[in-house]
Amino acid sequence: MAKKKFKITNWNTYNKALVNRGSLTFWLDESVIQAWYDGPKTSSRGRPQRYSALAIATVMMLKRVFRLTLRAAQGFMDFIFTLMKLPLRCPDYSCVSRRAKFVCIPFKNTTRGEIAHLIIDSTGLKVFGEGEWKVKNHGQEKRRVWRKLHLAVDAETHEVICADQSLNNVTDAEAFSGLIRQTHRKIQVDSADGAYDTKRCHDELRRKKIKVLIPPRARAGYWPTEYADRNQVVARQRLTGSNAYWKWNTAYNRQSVAETAMYRVKQLFGGYLMLRDYDAQVGEAMVMIRALNKMTLAFVQI
């Protein structure tokens, strides 16, 4: 059967939707205005911070959405406050850079209850270094560094449930336990690619009583008897010569949802991190994921 192609018929509505993507609507809730400045805390020593963590996270989120530098983001926020006639000031760019590491609070998930299918994957974010065109034409320099962003995505809602960041020398399997332990919600099925085909990942999922959908690597060997489900997949791989039959008869094809989430991150916010301190880079990455979840939720509601 030939693959069906979607044909757009309502071109007028479609064009208006593309135009509306550039519209800017900015509003602040009264609770945000009240919590913009940090109040004094009698339990802590020293001078209190002038701006709250909410203000720092807001500036960083707008900075990533509009792809601004820290100074440009400061001017943008001050101009918005002037237009809205609000008695607020944007945090200084040096303050945002210094306190970015304190906004990497786990973002709140809007979904509740159990997760039917959780998909895990990772991608790389550049820290500094040249682009692909320069590498292709003039070669690669030694000073090329990136971070790894690990995502756990709900296959039904496309919402990022868990996120973590690590150095580029940390393998996917090593970061798996810390990622999956961020949520205590009931998960029925978890799928990941062959990089997670390790006993550490399988043991973590077995401890949480989660069904595993991880394809074994090429020429994989048998494990002890407690990994019976995985051994059956290995036997099928040896019989057919690949994992294609297993992937076709399971829900592993939903793995593409994680690829879509990583594509959205890089298309909306860019595949790079602008801050230099590692802890600040973690906060910057988490802000990007929180903004992505807000955009995903808004799209679902529409």
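Let me sum up the structure you'll find in this document.

Cut-offs applied
- Residues numbered from 1 in each chain as written.
- Predicted model: local features only at pLDDT ≥ 70, side-chain atom pairs only at ≥ 80, totals over all residues.
- Heavy atoms only, no water.
- Helix = DSSP H or I, 4+ residues; strand = E, 2+ residues; numbered from the N terminus.
- Contact = heavy atoms within 4.5 Å.
- Areas by Shrake-Rupley, 256 points an atom, 1.4 Å probe, with all protein chains shown as cover.
- Axes fitted to C-alpha atoms, helices over the stretch in contact; angles between N-to-C directions.
- Parallel < 35°, antiparallel > 145°, perpendicular 65-115°, else oblique.
- Nonpolar A, V, L, I, M, F, W, Y, C, P; charged D, E, K, R; others polar.
- Phe/Tyr/Trp six-rings, centres within 6.5 Å; stacked < 30°, edge-to-face > 60°.
- Lys NZ or Arg CZ within 6 Å of the ring centre and 35° of its normal.
- Core = buried A, V, L, I, M, F, W, Y, C linked by side-chain atoms within 4.5 Å.
- Buried < 20%, exposed > 50% of the residue type's maximum accessible area, 1.4 Å probe, protein only.
- Left-handed = near helix turned anticlockwise from the far one by under 90°.
- Pairing = 2+ DSSP bridges.

### Quick look at the overall build of the protein chain
Counting its secondary structure elements, the protein chain contains 12 helices and five strands. Summarising the internal contacts of the protein chain: among those between residues at least 6 apart in sequence, 61% fall at separations of at least 24. About 18,600 Å² of surface is accessible on the protein chain, with carbon and sulfur atoms providing 55% of the total.

### Details of the packing of helix α3 (residues 53-65) against helix α4 (residues 70-84)
Here α3 crosses α4 at 110 degrees, and the two axes come no closer than 10 Å. With respect to their mutual orientation, α3 and α4 come out roughly perpendicular. For the pair α3 and α4, the contacting residues are Val-59, Leu-62 and Lys-63 in the first and Leu-70, Ala-73, Phe-76 and Met-77 in the second. Counted by class, the contact of α3 with α4 contains six nonpolar, no polar and one charged residues.

### Brief notes about the packing of aromatic side chains
In this structure the tally under the stated criterion is six aromatic pairs. Centre to centre, the rings of Trp-246 and Tyr-252 are 5.5 Å apart; their planes meet at 45 degrees, and the pair counts as tilted. It is Arg-206 that lies over the ring of Tyr-227; its NZ or CZ is 5.2 Å from the centre.

### Here we look at the nonpolar core
Membership of the largest hydrophobic core comes to 49 residues, with the highest contact counts inside it found for Trp-36, Met-60, Leu-149 and Leu-151. A total of nine residues in this core trace back to one element, the largest contributor, which is helix α12 (residues 278-301). The next biggest cluster of nonpolar side chains, apart from the first, holds 17 residues, and it includes Ile-120, Leu-179, Ile-187 and Ile-210.

### A closer look at unusual backbone geometry
Located in the positive-phi region is Arg-67, a residue other than glycine, with phi close to 55 degrees. Here Arg-67 is to be found in the loop between α3 and α4. Taking the relative accessible area as the measure of exposure, Arg-67 reaches 41% and is therefore partly exposed. A positive phi is found at Lys-85, a non-glycine position, where the angle reads about 55 degrees. Among the secondary structure elements, Lys-85 is positioned in the loop between α4 and α5 (93-99).

### Concerning the packing of helix α7 (residues 172-180) against helix α8 (residues 199-207)
Following both chains from N to C, one finds α7 and α8 inclined at 15 degrees, their axes separated by 8 Å at the closest point. When the axis of α7 is compared with that of α8, the two are roughly parallel. As α7 packs across α8, the resulting crossing turns out to be left-handed. Residue-level inspection shows Ala-173, Glu-174, Phe-176, Ser-177 and Ile-180 of α7 in contact with α8, the latter providing Arg-200, Cys-201, Glu-204 and Leu-205. Tallied by class, residues from the contact of α7 with α8 come to five nonpolar, one polar and three charged.

### Here we look at the side chain of Lys-63
In this structure, Lys-63 sits in helix α3. We classify Lys-63 as buried; its relative accessible area is 3%. Apart from the residues lying within four places of it in its own chain, the contact partners of Lys-63 are Leu-68, Thr-69, Leu-70, Ala-73, Met-274 and Glu-284.

### Focus on the environment of Gln-281
Looking at the secondary structure, you find Gln-281 in helix α12. Owing to a relative accessible area of 0%, Gln-281 belongs among the buried residues under this scheme. Sequence separation between Gln-281 and Lys-101 is 180 residues, and the spatial gap between their C-alpha atoms is 7.2 Å.

### Examining the pairing of strand β3 (residues 160-167)
Counting buried residues in β3 gives six out of eight residues, a clear majority hidden from the surface. The pairing of strand β2 (residues 145-154) with β3 spans seven bridges and is classified as antiparallel. Bridge assignment links Ala-152 to a residue of β3, and that residue is Cys-162. Hairpin geometry of β2 and β3 is characterised by an intervening segment of five residues between the two adjacent antiparallel strands and by a positive phi of about 65 degrees at His-158.

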